[in-house]
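# Descriptive analysis of the structure
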Amino acid sequence: MSDEVIYAISIGVTLVGLVISWGAFRRRGAGAGMRGASLSLVPLAAAMTGVTGFFADLVFSPVKWAGVVVAGLAVLLYMTSGAMLSRRAGAAGGGKAAGRGAESKAAGRSEKKQKRAVEGPAQGGGDPEMAEIEKILRDRGIS
């Protein structure tokens, strides 16, 4: 697309957005109006910086789409390899430190459960319904 067409479209979209922002300012206040005005200026700023031309070329260029697909594939491979490496580290020597952390958490949980069992439900002669709710939650391991 030519620059004149891009500028004309972006100025039109900006003006429509500013009119809607003025209405939002009148109905909902200055905060809504300023937010609308800021969003309305984005298309004009994109056209002035050349970002709009880039996206217009991207839409119509198969070579650029192929580049986007290759970049996406690179990100996917990188993330997959990270997951594979972390699993291998967890199964090998790196798992020992993680296992100790899990054991200490489990020990802490069992101590809390034992403490609750000794204390009993709802201290202070509370509501019997609350005691029943607490029992259900304990049975399901929620609290």
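In this text, all values refer to a predicted model and were calculated from it rather than measured experimentally. (Residues numbered from 1 in each chain as written. Predicted model: local features only at pLDDT ≥ 70, side-chain atom pairs only at ≥ 80, totals over all residues. Heavy atoms only, no water.)

## Digging into the packing of aromatic side chains
Applying the stated criterion to the full structure yields 1 aromatic pair. Note on Trp22 and Phe25: the rings are 5.3 Å apart at their centroids and 35 degrees apart in plane angle, and the pair reads as tilted. Within this pair, Trp22 and its partner Phe25 are both found in helix α1 (residues 3-28), separated by 3 residues, close to a single helical turn. The exposure class of Phe25 is partly exposed, given its relative accessible area of 35%. (Phe/Tyr/Trp six-rings, centres within 6.5 Å; stacked < 30°, edge-to-face > 60°. Helix = DSSP H or I, 4+ residues; strand = E, 2+ residues; numbered from the N terminus. Buried < 20%, exposed > 50% of the residue type's maximum accessible area, 1.4 Å probe, protein only.)

## A closer look at the pattern of salt bridges
Any two side chains of opposite charge can pair, so long as their charged atoms come close to each other. Within this structure, the stated rule accounts for 1 salt bridge. The closest approach of N and O atoms between Asp139 and Lys135, which form a salt bridge, is 3.1 Å. Here Asp139 and its partner Lys135 are both found in helix α7 (residues 128-139), 4 residues apart, which amounts to about one turn of the helix. Relative accessible area serves as the criterion here: at 57%, Asp139 is assigned to the exposed category. Given a relative accessible area of 48%, Lys135 falls into the partly exposed group. (Salt bridge = Lys/Arg side-chain N within 4 Å of Asp/Glu carboxyl O.)

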